[in-house]
Amino acid sequence: QVQLVESGGGLVQAGGSLRLSCAASGRTFSSYAMGWFRQAPGKEREFVAVFTWIGEITYYGDSVKGRFTISRDNAKNTVYLQMNSLKPEDTAVYYCAAREGNTIVRVPRFYDYWGQGTQVTVSS
């Protein structure tokens, strides 16, 4: 079984920054792709970013390119999402997810494990 725990959410003003963390436990992640998704009230879950362990490939959703950066710390089994130049439309619950394999997948239903989510609120 795999457990994912997100942290780092909060309230920030537009233009500010936050760093989210996702701590993984239960299995080694050398064969997992790690993704971040978000869901705003009344909207579908949206792909934000993904990081593959092998090859260290990253991919971002169009709405966050150039502002968000996904990274990982192998020793800590932790994935980060650095969010800069935040906008009110970035307000959502942010979820960390893990998927076996190292392909770039942007569809939530193909991810095997999910964290509980962390709230990010950006005020204007």
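A brief structural summary. The model shown is predicted, which means the values in this text are computed figures rather than measured ones.

## Quick look at the overall build of the protein
Counting its regular elements, the protein contains zero helices and eleven strands. Taken from the N to the C terminus, the helices and strands of the protein come in the order β-β-β-β-β-β-β-β-β-β-β. Expected size for 124 residues packed as a compact globule is a radius of gyration near 14 Å; at 13 Å, the protein falls within 12% of this value. Here the C-alpha coordinates of the protein stretch approximately 40 × 25 × 25 Å along the principal axes. When burial is assessed residue by residue, the protein has 44% of its 124 residues classed as buried. Looking at the protein, you have 13 positive and 10 negative side-chain charges, and the mean spots of the two groups are 1 Å apart.

## Some details on the packing of aromatic side chains
Under the definition given, this model contains seven aromatic pairs. Ring geometry for Phe37 and Tyr111: centres 5.0 Å apart, planes at 80°, overall edge-to-face. Separated by 74 residues along the polypeptide, Phe37 in strand 4 (residues 32–39) and Tyr111 in the loop between strand 9 (92–100) and strand 10 (113–114) bring together distant segments of the chain. The same class applies to Phe37 as to Tyr111, namely buried. Between Phe47 and Tyr59, the ring centres sit 6.2 Å apart and the planes meet at 35°, which makes this aromatic pair tilted. On the criterion of sequence distance, the pair formed by Phe47 in strand 5 (residues 46–52) and Tyr59 in strand 6 (residues 58–60) is long-range, its members being twelve residues apart. A relative accessible area of 30% places Tyr59 in the partly exposed class. Ring-pair connections join several aromatic residues into one group, and the members of that group are Phe37, Phe47, Tyr59, Tyr95, Tyr111 and Trp114. Positioned above the aromatic ring of Tyr80 is the side chain of Arg19, whose terminal nitrogen or guanidinium carbon lies 4.2 Å from the ring centre. Across from the ring centre of Trp114, 4.8 Å away, lies the NZ or CZ of Arg45, which sits over that ring.

## Remarks on the environment of Cys96
As for its position among the elements, Cys96 is in strand 9. Sequence separation between Cys96 and Ser21 is 75 residues, and the spatial gap between their C-alpha atoms is 8.6 Å. Excluding anything up to four places from it in sequence, Cys96 contacts Leu4, Glu6, Cys22, Met34, Gly35, Trp36, Tyr113, Trp114 and Gly115.

Definitions and limits used
Residues numbered from 1 in each chain as written. Predicted model: local features only at pLDDT ≥ 70, side-chain atom pairs only at ≥ 80, totals over all residues. Heavy atoms only, no water. Helix = DSSP H or I, 4+ residues; strand = E, 2+ residues; numbered from the N terminus. Rg over C-alpha atoms; globule rule 2.2 N^0.38 Å. Buried < 20%, exposed > 50% of the residue type's maximum accessible area, 1.4 Å probe, protein only. Lys, Arg positive; Asp, Glu negative; His and termini not counted. Charge placed at Lys NZ, Arg CZ, Asp CG, Glu CD. Phe/Tyr/Trp six-rings, centres within 6.5 Å; stacked < 30°, edge-to-face > 60°. Lys NZ or Arg CZ within 6 Å of the ring centre and 35° of its normal. Contact = heavy atoms within 4.5 Å.

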